[in-house]
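# Chains, contacts and geometry: an overview
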Amino acid sequence: MTPHDPKADLHRYLTSVRDTVVWKLEGLSEYDVRRPLTPTGTNLLGLVKHLSCVEFEYFGPTFGRPHGEGALPWYDDSAAPNADMWATADESRAEILGLYERARAHADATIEALPLDAPGQVAWWGDKGAVTLQRVMLHVTAETNRHAGHADIVRELIDGQVGLRRDVGDIDGGDAAWYREYRDRLEAVAKQAQARQG
């Protein structure tokens, strides 16, 4: 068995899910990447903007490595509510994707420069903010995966596209007709279960 490098493994998982998030925007209009498809406003471009702030902050100030981006909306008290979760009409897709690319590069430089046990301090975690690079890598990978799941659902609502990557659909079953029947069957089962409980 070939020994694994834990840092390289963590970085590979983070890189993979980052790529998935970006892929979810491909081929969509400006409207579709911005449109809110949940009652709380979840939208694809907003997820990318939020994850940019996450990476800049967790892999920057946490380890004393300034990112040079100025005030980011995630922790800018003067920003509009949830400003990190949506893009204004004046913020282009290219600008938001560029922000994410810079955030990733800054995070990757931090990951490359520090050992897994490097100490850091997450200021917004208060007295529980003492961390290591390993913990931050796990935390950011988990958060990015969570938002990739949101992106997957939002993208499915827009045009039916699902999956982990372009080459991995990750969905068992068949074509659109099969899924319509499947969904209708699940709806019927949910109603039956509700009737039995009520």
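Residues numbered from 1 in each chain as written. Predicted model: local features only at pLDDT ≥ 70, side-chain atom pairs only at ≥ 80, totals over all residues. Heavy atoms only, no water.

### Examining the pattern of salt bridges
Summed over the entire model, instances satisfying the criterion amount to 13 salt bridges. Of the charged contacts, one joins Asp108 and Arg18 as a salt bridge, the two residues approaching to 2.8 Å between their closest N and O atoms. With Asp108 in helix α4 (residues 93-113) and Arg18 in helix α1 (residues 6-23), the pair connects residues that are 90 residues apart, well separated along the chain. Here the salt bridges do not stand alone but share partners, grouping Arg18, Glu55 and Asp108 into one network. (Salt bridge = Lys/Arg side-chain N within 4 Å of Asp/Glu carboxyl O. Helix = DSSP H or I, 4+ residues; strand = E, 2+ residues; numbered from the N terminus.)

### Side note on the side chain of Glu57
Note that Glu57 resides in helix α3 (residues 44-59). For the buried residue Glu57, which engages in no salt bridge, the nearest side chain bearing the opposite charge is Arg102, 12 Å off. Within the local environment of Glu57, its side chain forms a polar contact with the side chain of His67, the two groups lying 3.3 Å apart. (Buried < 20%, exposed > 50% of the residue type's maximum accessible area, 1.4 Å probe, protein only. Lys, Arg positive; Asp, Glu negative; His and termini not counted. Polar contact = N/O pair within 3.5 Å; in protein donor to acceptor, adjacent residues only side chain to side chain.)

### Thoughts on the environment of Ser52
Note that Ser52 resides in helix α3. Since its relative accessible area comes to 0%, Ser52 is described here as buried. Separated by 44 residues in sequence, Ser52 and Ile96 place their C-alpha atoms 8.2 Å apart. Discounting residues that sit within four places of it in the chain, Ser52 has contacts with Ile96, Leu99, Tyr100 and Ala103. Looking at Ser52, its side chain comes within polar contact range of the main-chain oxygen of Val48, at 2.9 Å. (Contact = heavy atoms within 4.5 Å.)

### Observations regarding the environment of His67
Secondary-structure assignment places His67 in the loop between α3 and α4. Residues His67 and Glu55 lie 12 residues apart in sequence; the distance between their C-alpha atoms is 10.0 Å. Filtering out sequence-adjacent residues up to four positions away, His67 remains in contact with Phe56, Glu57, Pro61, Leu72 and His106. In terms of polar contacts, His67 uses its side chain to reach the backbone amide nitrogen of Glu69, at 3.1 Å.

### Overview of a nonpolar patch on the surface
Judged by side-chain polarity, Trp178, Tyr182 and Leu186 come together as a nonpolar surface patch covering roughly 270 Å² of accessible area. Relative to the helices and strands, Tyr182 resides in helix α6 (residues 176-197). (Patch = residues over 30% accessible without salt bridge, like charges linked within 9 Å, V, L, I, M, F, W, Y side chains within 5 Å. Areas by Shrake-Rupley, 256 points an atom, 1.4 Å probe, with all protein chains shown as cover.)

### Examining the packing of α1 against α3
In contact at an axis separation of 11 Å, α1 and α3 are set at 155° when each is read in the N-to-C sense. As summarised for this structure, α1 and α3 are arranged roughly antiparallel, according to the angle between their axes. Judged by the twist between their axes, the crossing of α1 over α3 is left-handed. Between α1, through Leu14, Arg18 and Val21, and α3, the contact on the second element is made entirely by Val48, Leu51, Glu55 and Phe59. Partitioned by chemical class, the residues of the contact of α1 with α3 number five nonpolar, no polar and two charged. (Axes fitted to C-alpha atoms, helices over the stretch in contact; angles between N-to-C directions. Parallel < 35°, antiparallel > 145°, perpendicular 65-115°, else oblique. Left-handed = near helix turned anticlockwise from the far one by under 90°. Nonpolar A, V, L, I, M, F, W, Y, C, P; charged D, E, K, R; others polar.)

### Looking at the packing of aromatic side chains
One pass over the structure, following the stated rule, counts three aromatic pairs. With 5.9 Å between their ring centres and 65° between their planes, Tyr58 and Trp125 make a pair best called edge-to-face. Of this pair, Tyr58 sits in helix α3 while Trp125 sits in the loop between β1 (119-121) and β2 (130-132); the two residues are 67 residues apart in sequence, bridging distant segments of the chain. Classification of Tyr58 by relative accessible area gives buried; the value is 3%. A ring pair is formed by Trp178 and Tyr182, whose centres lie 5.1 Å apart and whose planes are at 15°; its orientation type is stacked. Of this pair, Trp178 and Tyr182 both sit in helix α6, separated by four residues, roughly a single helical turn. (Phe/Tyr/Trp six-rings, centres within 6.5 Å; stacked < 30°, edge-to-face > 60°.)

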